[in-house]
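Analysis of the macromolecular model
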Amino acid sequence: ASASRTPPPCGWKPRTMNAEPFGNGCTGWFDGVWRHCCDAHDLDYALGVDKLQADLALAACVTDTGHPIIALVMLAGVTLFGWFFYRRRKIKPPHS
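Worth saying up front: this structure is predicted, and the values here are computed from it rather than measured.

Cut-offs used in this document
Residues numbered from 1 in each chain as written. Predicted model: local features only at pLDDT ≥ 70, side-chain atom pairs only at ≥ 80, totals over all residues. Heavy atoms only, no water. Patch = residues over 30% accessible without salt bridge, like charges linked within 9 Å, V, L, I, M, F, W, Y side chains within 5 Å. Areas by Shrake-Rupley, 256 points an atom, 1.4 Å probe, with all protein chains shown as cover. Salt bridge = Lys/Arg side-chain N within 4 Å of Asp/Glu carboxyl O. Helix = DSSP H or I, 4+ residues; strand = E, 2+ residues; numbered from the N terminus. Buried < 20%, exposed > 50% of the residue type's maximum accessible area, 1.4 Å probe, protein only. Disulfide = S-S within 2.5 Å.

Further remarks concern a nonpolar patch on the surface. A cluster of nonpolar residues, Ile69, Leu72 and Val73, forms a patch on the protein surface that exposes about 310 Å² of accessible area. One can find Val73 in helix α3 (residues 68-81). Residue class for Val73 comes out partly exposed when judged on its relative accessible area of 42%.

Time to look at the pattern of salt bridges. Opposite charge on two side chains lets them pair, provided their charged atoms get close. Under the defined criterion, the tally for this structure stands at 3 salt bridges. The residue Asp39 makes a salt bridge to Arg35 at a minimum N-O spacing of 3.2 Å. Taken together, the residues span about one helical turn, with Asp39 and Arg35 both in helix α1 (residues 35-47) at a distance of 4 residues. Here Lys51 ties to Asp55 by a salt bridge, and the two come within 2.5 Å at their closest N and O atoms. On the criterion of helical spacing, the pair formed by Lys51 and Asp55 is a turn pair, its members being 4 residues apart in helix α2 (residues 51-64). Relative accessible area serves as the criterion here: at 5%, Lys51 is assigned to the buried category. Residue Asp55 is classed as buried on the basis of its relative accessible area, which comes to 2%. Overlapping salt bridges, with partners in common, bring together Asp31, Arg35 and Asp39 in one network.

Right, let's talk about the state of the cysteines for a bit. Within this structure, the stated rule accounts for 2 disulfides. Through a disulfide, Cys26 is tied to Cys38; the S-S separation comes to 1.9 Å. Disulfide Cys26 to Cys38: torsion about the S-S bond roughly 90 degrees, handedness right-handed. With Cys26 in the segment before α1 and Cys38 in helix α1, this pair connects stretches of sequence that are 12 residues apart. Considered together, Cys26 and Cys38 belong to a single accessibility category, that of buried residues. Note that Cys37 is cross-linked by a disulfide to Cys61, the S-S spacing being 2.1 Å. Because the torsion about its S-S bond is -75 degrees, the bridge between Cys37 and Cys61 counts as left-handed. Taken together, the residues Cys37 in helix α1 and Cys61 in helix α2 connect sequence positions 24 residues apart. A relative accessible area of 0% means that Cys37 is categorised as buried.

Shown next, in the form of structure tokens:
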């Protein structure tokens, strides 16, 4: 089963869990003050969070860094091209 969470409110900040080990920055885009947003987005994909929720959370986070136009461009990019990463990056549950 995939993890699920409600869409983030405005002002959403990355969760307390450190997303950096699961992220590699902004794949296909340059890292800016929003790199933590990309790492959190990578973690959401890895955890199997609903893709649309993860993508909207990325856009909200980048907007909160003061870059709403960049957020829209990034949202378009992950909407169009993120499926490959979404399917590939899910964390496998440990075997018992």
